[in-house]
Every structure is written in C-alpha cells, then in structure tokens.
Amino acid sequence: MRLYAVVAAGGFRRHATYRVATAAGVFTNTVFGFIVAYTYIALWDERPQLGGYDLSQALTYVWLGQALLMTCAMLGGGFEDELIERIRTGDIAIDLYRPADLQMWWLAGDLGRAAFHLLARGIVPMVLGGLAFELVLPASPLIWLAFLFSVALGVVVSFAVRFLVALSAFWLMDGAGVMQICWLAALFFSGMMLPLNLFPGVLGEVARALPWSSLLQVPADIFLGRSSGWGLVEAYAFQAGWALALLAAGRMLQSAATRRVVVQGG
C-alpha cells in the first residue's frame, strides 16, 4: 500500500506543477458557474421549487458542479489519454510486467489528481459563488465529512468507468471515440447539465440508476441534506456497489488484455 500512496502523492504533485493551467481552469469554472447560475435563476423564477430544490439549493448545486467537474473528470483530463497512448504504442507491455497492479497503479494516481483538483479548482469557484449568491452550506461538520466521502466514492466510480473505456483500446486500437461518448454520457447523466431530479418519468429513473449519477447528483444531495439517515446509507451503497462492479469488470478486462499481450509477445 505504501507504493500506491507514493503514486497518489506523485499524481497530486504532477498536476500541481501546471500552475498557469490551474489558474485558467479556476477562471473558466468561475465564469461558467456565473453563466449557469443566472440561467438557473431565470428558470427557477418561472418554476419555483423545480425538482424539489428552492433557488438557493439550485444555485448551490451549480457551484458544486463546477467544483466537481474536474475532480470527477466528467470531461476527461485524467489518466485515460496516457493509458490509451501506452496501449497504442505497445508500452503497456512494460506496465503489465511491473511488480505492481495496473489497475491500482492508475487508481492511486487518479486519486492524487482528484485531490488536487478538489482543492485547487473546487474551493475558489465555490467561495466566489458563495460571495455572489446565497448558497446553502451545511452547518454540521458531519455533513461535510459525509459529502467528502461521497465525492471520494464518486471519483472511484469515475476512474472505474474511464479505466474500462481506456482498456477497450486493446481491441479497438484507438479508444478516442469511445472516450468521447463516455464524456458526453458523464456530462448528461451525472446531472452536470441539469439535476437528474428534473428528468421526467422513466428517463429520470434510468439516469439516477446509472453510475454517472455518483459523480455529482449523489454527492450534491448529501451536501444539500436531501440524503440523511438511511438515505445516506443507501447513497453510499449505490456508489460503492457501482464502484465494486466496475472495478471488477476492469479487473477482468485487464486479465484478458494481459493474456492478449502475453500471446502476442510469445
């Protein structure tokens, strides 16, 4: 475990070196946050209590989305491009022969990346949003801890999905197309465009049951106090269930890819 802790720390430091890019990202998140916030204000003026949120809750949801956009890599920006490139060039063979688990190695690095983005690109936009609008902030430290734990689970779910997509490059030779489809799905079904509570009928039920809801909708509901008590347990079980299922699927795909590399190498 010490190895993976070092890898996670390295992932944090690696992204911390891109200071100009981070500053540009904070600016972009803030600008888009204001644009979406005023759009929500207009929408909630017409439809108060839309989706069960009052205006303050809806605005809080907007800024949570900006804080978690890069944390959960809803539009990419994580390890997946590098892993796909290593598969395409054949350098992945070196990784598979290392005395370290491939999935755990990339997960550790992605957790370090997520921690950096939560601190660097999450806090500042949220603070600026709180200065400009009336946001709903938890009064209890326990809710903050519950929210952060949910975010961590969301990051693992996000990693597991992107790991599966990246490994598809073993058979497709280029995972760019599949990755773009994954990004679009994450943007829509995470609740980044609109809270999933606004989706009607069967579409809403399906959207809330998909793994991408773990990236934003579930943590946001915990932050806003909509999931507490047994509801909090159900939220964690939902996220953990998807995380375990997707990691197991990634493990199986990794084993199949390893056999493919061994056969081709032999």
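Residues numbered from 1 in each chain as written. Predicted model: local features only at pLDDT ≥ 70, side-chain atom pairs only at ≥ 80, totals over all residues. Heavy atoms only, no water.

Novice: Would you take a moment to explain unusual backbone geometry for this structure?
Specialist: Peptide bonds are trans in most cases, and residues, glycine excluded, mostly fall at negative phi. Of note in this structure, Gln-49 is not a glycine but carries a positive phi near 65 degrees. Inspection of the secondary structure assignment puts Gln-49 in the loop between helix H2 (19-46) and helix H3 (55-68). Its identity as a non-glycine residue notwithstanding, Ala-73 has a phi of 50 degrees, on the positive side. Classification of Ala-73 by relative accessible area gives buried; the value is 3%. (Helix = DSSP H or I, 4+ residues; strand = E, 2+ residues; numbered from the N terminus. Buried < 20%, exposed > 50% of the residue type's maximum accessible area, 1.4 Å probe, protein only.)

Novice: Any chance you could explain the side chain of Arg-121 here in plain terms?
Specialist: Inspection of the secondary structure puts Arg-121 in the loop between helix H6 (102-120) and helix H7 (123-132). Despite its burial, Arg-121 remains without a salt bridge, the nearest opposite charge being carried by Glu-80 at 12 Å. Among the polar contacts made by the side chain of Arg-121, one reaches the main-chain carbonyl oxygen of Gly-25 at a distance of 3.4 Å. Every residue in contact with Arg-121, bar those within four places of it in the chain, is listed here: Thr-22, Gly-25, Val-26, Asn-29, Gln-66, Ala-67, Met-70 and Phe-116. (Lys, Arg positive; Asp, Glu negative; His and termini not counted. Salt bridge = Lys/Arg side-chain N within 4 Å of Asp/Glu carboxyl O. Polar contact = N/O pair within 3.5 Å; in protein donor to acceptor, adjacent residues only side chain to side chain. Contact = heavy atoms within 4.5 Å.)

Novice: Sorry, what's going on with the layout of surface pockets here?
Specialist: To find leftover empty space, one rolls a probe the size of a water molecule over the atoms. Quantified by volume, the largest pocket comes out at close to 350 Å³. Forming the walls of the largest pocket are 17 residues, and the residues nearest its centre are Arg-14, Phe-79, Glu-82, Trp-106 and Gly-109. Secondary-structure elements contributing two or more residues to the lining of the largest pocket are helix H1 (2-16), helix H4 (80-89) and H6. Its residues assigned to classes, the lining of the largest pocket comprises four nonpolar, five polar and eight charged. (1 Å grid on protein atoms, 1.4 Å probe; cavity = no way out; pocket = protein on both sides within 12 Å on 5 of 7 lines; lining within 4 Å. Points joined across faces, edges and corners; volume = space filled by probe spheres on them. Nonpolar A, V, L, I, M, F, W, Y, C, P; charged D, E, K, R; others polar.)

Novice: Can you help me understand the pattern of salt bridges in this one?
Specialist: Opposite charge on two side chains permits pairing when their charged atoms draw close. Using the criterion set out here, one finds eight salt bridges in the structure. Residue Arg-86 is joined to Asp-95 by a salt bridge in which the shortest nitrogen-to-oxygen separation is 2.7 Å. The exposure classification of Arg-86 matches that of Asp-95, with both residues buried. Residues Asp-221 and Arg-226 are paired through a salt bridge, measuring 3.5 Å at the closest nitrogen-oxygen approach. By relative accessible area, Arg-226 is classed as partly exposed at 38%. Through salt bridges that share partners, Glu-80, Asp-110, Arg-113 and Arg-162 make up one connected network.

Novice: What is the right way to look at H4 in this model?
Specialist: All of the buried residues along H4 are Glu-80, Leu-83, Ile-84, Arg-86 and Ile-87. On an axial view of H4, the arc spanned by its buried residues comes to 160 degrees, and they lie on one face. Buried positions along H4 lie against helix H5 (92-96), H6, helix H8 (141-167), helix H9 (169-172) and helix H10 (176-189). Positioned one or two residues after H4, Gly-90 has a phi angle of 90 degrees, which is positive. (Arc of directions from axis to C-beta.)

Novice: Would you explain the packing of H4 against H8 in this entry?
Specialist: Geometry of a packed helix pair, given as the angle between the helix axes and the separation of the axes. With their axes 9 Å apart at the nearest point, H4 and H8 run at an angle of 25 degrees to one another. As summarised for this structure, H4 and H8 are arranged roughly parallel, according to the angle between their axes. Every pair of crossing elements has a handedness; the one defined by H4 and H8 is right-handed. Contact residues: H4 offers Glu-80, Leu-83, Ile-84 and Ile-87, while H8 offers Arg-162, Phe-163, Ala-166 and Leu-167. Looking at side-chain class alone, the contact of H4 with H8 contains six nonpolar, no polar and two charged residues. (Axes fitted to C-alpha atoms, helices over the stretch in contact; angles between N-to-C directions. Parallel < 35°, antiparallel > 145°, perpendicular 65-115°, else oblique. Left-handed = near helix turned anticlockwise from the far one by under 90°.)

Novice: Explain the packing of H2 against H7 here, please?
Specialist: Look at H2 against H7: their axes get within 9 Å of each other, and the N-to-C directions meet at 35 degrees. Between H2 and H7 lies a crossing whose hand is right-handed. Residues Val-26, Asn-29, Thr-30 and Phe-34 of H2 pack against Val-124, Pro-125, Leu-128 and Ala-132 of H7. Looking at the contact of H2 with H7 residue by residue, the class counts come to six nonpolar, two polar and no charged.

Novice: Just to check I follow, could you spell out the environment of Phe-163 for this structure?
Specialist: Within the secondary structure layout, Phe-163 lies in helix H8. In this structure, the C-alpha to C-alpha distance between Phe-163 and Trp-63, residues 100 residues apart in sequence, is 27 Å.

Novice: Quick question: what am I supposed to make of H2 here?
Specialist: For the α-helix, the turn length of 3.6 residues means that residues three or four positions removed from each other point alike. For H2, built from 28 residues, the straight-helix expectation of 40 Å at 1.5 Å per residue is met to within 8% by its first-to-last C-alpha distance of 41 Å. Where H2 is concerned, the buried positions are Thr-22, Gly-25, Val-26, Asn-29, Thr-30, Gly-33, Ala-37, Tyr-40 and Trp-44. Against the buried residues of H2 lie H1, H3, H6 and H7. (Expected span 1.5 Å × (residues − 1).)

Such coordinate-based values are descriptive only and should not be taken to indicate function.
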